Each structure stands twice: as structure tokens, then as C-alpha cells.
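# Fold and contact review
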Amino acid sequence: MAISELLARQRTLSFEFFPPKTPWGQKQLNQAIAELSQLDVSFVSVTTGAGGSSHEPTKQQVLDLVPNHSFEVMAHVTCAQHSRSQIASLMDDYEAGGVENILALAGDPPQDGSSMAGEFSFASELVEEIRRHPHSFAVGVAAHPEVHPSSASRELDRRFLAQKLSAADFAITQFFFDASYYFRLVEELAALGCGKPVIPGVMPVTSPGRVKHFADMNGTEIDSILWERLEQADAGDKMSIAVEAAHKLCAELLQFGAPGLHFYTMNQSEASLRLCRALGL
Ligand code: FAD
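Residues numbered from 1 in each chain as written. Predicted model: local features only at pLDDT ≥ 70, side-chain atom pairs only at ≥ 80, totals over all residues. Heavy atoms only, no water.

## Things to note about unusual backbone geometry
Note: most peptide bonds trans; most residues except glycine with negative phi. Phi is positive for Val147, which is not a glycine, with a value near 75°. One non-glycine residue, Met266, lies in positive phi territory at about 50°. Looking at the element boundaries, Met266 is found in the loop between strand S8 (260-264) and helix H11 (270-279). (Helix = DSSP H or I, 4+ residues; strand = E, 2+ residues; numbered from the N terminus.)

## As for the packing of helix H4 (residues 84-96) against helix H5 (residues 123-132)
The relative placement of two packed helices comes down to the angle between their axes together with the axis-to-axis distance. H5 packs onto H4 with a crossing angle of 55° between their chain directions and a minimal axis gap of 10 Å. Classified by the angle their axes make, H4 and H5 are oblique. When the axes of H4 and H5 are compared, the crossing they make is right-handed. Along its contact with H4, which presents Arg84, Ile87 and Met91, the element H5 presents Leu126, Glu129, Ile130 and Arg132. In terms of residue class, the contact of H4 with H5 is built from four nonpolar, no polar and three charged. (Axes fitted to C-alpha atoms, helices over the stretch in contact; angles between N-to-C directions. Parallel < 35°, antiparallel > 145°, perpendicular 65-115°, else oblique. Left-handed = near helix turned anticlockwise from the far one by under 90°. Contact = heavy atoms within 4.5 Å. Nonpolar A, V, L, I, M, F, W, Y, C, P; charged D, E, K, R; others polar.)

## Quick notes on the packing of helix H9 (residues 224-232) against helix H10 (residues 235-256)
Between H9 and H10, the shortest axis-to-axis distance is 9 Å and the interhelical angle comes to 160°. Here H9 lies roughly antiparallel to H10, going by the angle between them. Pair H9 / H10 crosses with right-handed handedness. Of the residues in H10, those in contact with Leu226, Arg229 and Leu230 of H9 are Lys238, Ile241, Ala242, Glu244 and Ala245. A per-class count over the contact of H9 with H10 returns five nonpolar, no polar and three charged.

## Describing the environment of Ser89
Locating Ser89 in the fold gives a position in helix H4. Note on Ser89: relative accessible area 37%, which makes it partly exposed. Placed 65 residues apart in sequence, Ser89 and Trp24 show a C-alpha to C-alpha distance of 31 Å. (Buried < 20%, exposed > 50% of the residue type's maximum accessible area, 1.4 Å probe, protein only.)

## Details of the nonpolar core
Counting 61 residues, the largest nonpolar core has Phe15, Met91, Tyr94, Ile102, Ile130, Leu253 and Phe263 as the members making the most contacts within it. The biggest single contributor to this core is H10, with seven residues. Ranked by size, the runner-up nonpolar core spans 13 residues in total, among them Phe177, Val205, Val211 and Ile241. (Core = buried A, V, L, I, M, F, W, Y, C linked by side-chain atoms within 4.5 Å.)

## Observations regarding H5
Among all positions of H5, only Ala123, Leu126, Val127, Glu129 and Ile130 are buried. The buried residues of H5 occupy an angular sector of 165° when the element is viewed end-on, so they sit on one face. Those residues of H5 that are buried lie in contact with strand S3 (72-78), H4, strand S4 (101-105), strand S5 (138-143) and helix H6 (154-167). (Arc of directions from axis to C-beta.)

Quick look at the structure:
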């Protein structure tokens, strides 16, 4: 089912995973998915790297998940290293595999330094190309509550986002630690005439070092008091602090009327499970 349809029916609950590189990683992911399946999961999504070598593992992971689960599986697709004909053929494969939902992204620069060159520069062009496919996929896009770091200005960022999102079905945000960034984003989009659902992305900070690295890349402001507490805590306390902080954020988002919650899991289940139980989801 299309995620847009799920969003129209009820608040969604979703989880993001990355395709593992090793058999051990695959085992860990399978276990995380089995544990999270105890919840009322609306959909999961599978990331992809912008380097060409990661396209195939994402496709395989998505196509393996679809027949084995009752929740929807959304494939991330990036502009990077894709031609128009490659996107058409990828969409053929996803249609044949029963995939209904695509997240269309520009892509992060690959860590191995490989080129991002392809036939598309911006995610909005990818949305247009996916719309040309004969199968009618539901299309999601990325939104950046704290403004995308390469944007020339806040105003331009919001204008491009409103255009992109108007052509898509929904957005999922980059993670953030202060709910007011999300509230402002939704209000600014509404002021531009865009009322499409924007699902907040939530990152429980169980690995402060790794999350800080992503936050630096995305221009996400970290909560220095939270980081100080996490850095001083032992492993057991770290998990409780991470869940408590994410719980407070989620409660504010739900109170505001967020259409769903999307958790960045890093292929781990414990924090998301504890958080969802604490939220009564
Ligand atoms: P775009 O919408 O193309 O925007 C990029 C920049 O260009 C922005 O500054 C925007 O304002 C500007 N812009 C847009 N249109 C125009 C235009 N017409 N003219 C001039 N400027 C314009 N990355 C990955 O590599 N793999 C993933 O799986 C992945 N998953 C993600 C999932 C989520 C939920 C999110 C929020 C991000 C994800 N990312 C992923 C990261 C994302 O690819 C990067 O943040 C990337 O730098 C921007 O992607 P975008 O789709 O928002 O780009």
C-alpha cells in the first residue's frame, strides 16, 4: 500500500535501516527487524549510498524484505550515478518485486570519494522521473528542519523544498534535537501553500560519536547538555538517557500533530523498542 494512503488513515510508525555489508551485519539486522515487528509497524525504509556499488545491496535488501513482512518497504534512491534509463529499469524491478514506495534523494557524497555524477542534480528531478514510470509509486522526499547545509538561504531552501514536496506525496525529515525546528519547518511550508505530510525523523543517541559525525555533515545542532550526560554515562545508563531524551522530543512532536514518527535505528532495535513502549505506540 502507498505510504500516502497509510498517512491518510492513521499516524504512521516507521524505521530506517541500512543494507549490511557482512553476514554478521545481516544477522543483526534480521534480529532487529524481528524484534521491531512486535510493534504496529507501518513501513520500514532501506538507505542507499550515493556511490554506484551500494545500489545493488539496497535493491536486494528491499526485495528480500517485501515478501516476508506485512509492513511496507520503501527503497531509498539517489540521483548520484544514475542515468534516466537506469532509474526506469530500477523502477521496473521494484514494481515487479511489489515495492510501492520510493524515497527520492540527491544523496550524500560517497565516503570513498567516488564521483556522484549522474543525469540528475536535484531530488526534484528524480521525483519527476519516477512519476514518468507507468507504475504509480508513492514518492517521498527529504526535508531538513535546520535548512540543508548547502542552501544559499533559508528562504531558497524552503522554496525548493515546497516545490519538490508539492510534486511528491510526503517528506521525512533529517534528525534534529529541538522540536521547534520541526514546528517552524511545517509552518514555513504551510505559508508557501504546501500542506503535504512531513514525518519527523528521530535519532535516539545511543552512539554519541557516530551521531555527532552525521550531525556535523547535516548541519544539525547537537544538544550539548545531552551530549555531556551521554559522554559521562556507562553503557547501561547511555541507553536510558538516549531513550529519555528521544521520548521528550517524540511527545512534543505527537502533541503538535506530527503525522507519524520515523526512527533512525542504525540497524539496532533496543532504543526504538523502549521508546515506542514508553510512548504507548
Ligand atoms: P535536494 O532536494 O536535491 O536539495 C539539495 C540542495 O539543493 C538543497 O540545498 C536545496 O535547497 C538545493 N536545491 C534543490 N533544488 C534546487 C534547484 N532547482 N536549484 C538550486 N538548488 C536547489 N543520503 C544518501 O546518500 N542515501 C540515503 O539513503 C539517504 N537517506 C536519507 C533519508 C532521509 C529521511 C533524509 C532526510 C536524508 C537522507 N539522505 C540520504 C541524505 C540526503 O541525500 C542529503 O541530505 C543530500 O545532501 C540532500 O538530499 P535532498 O534529497 O534533500 O536534496
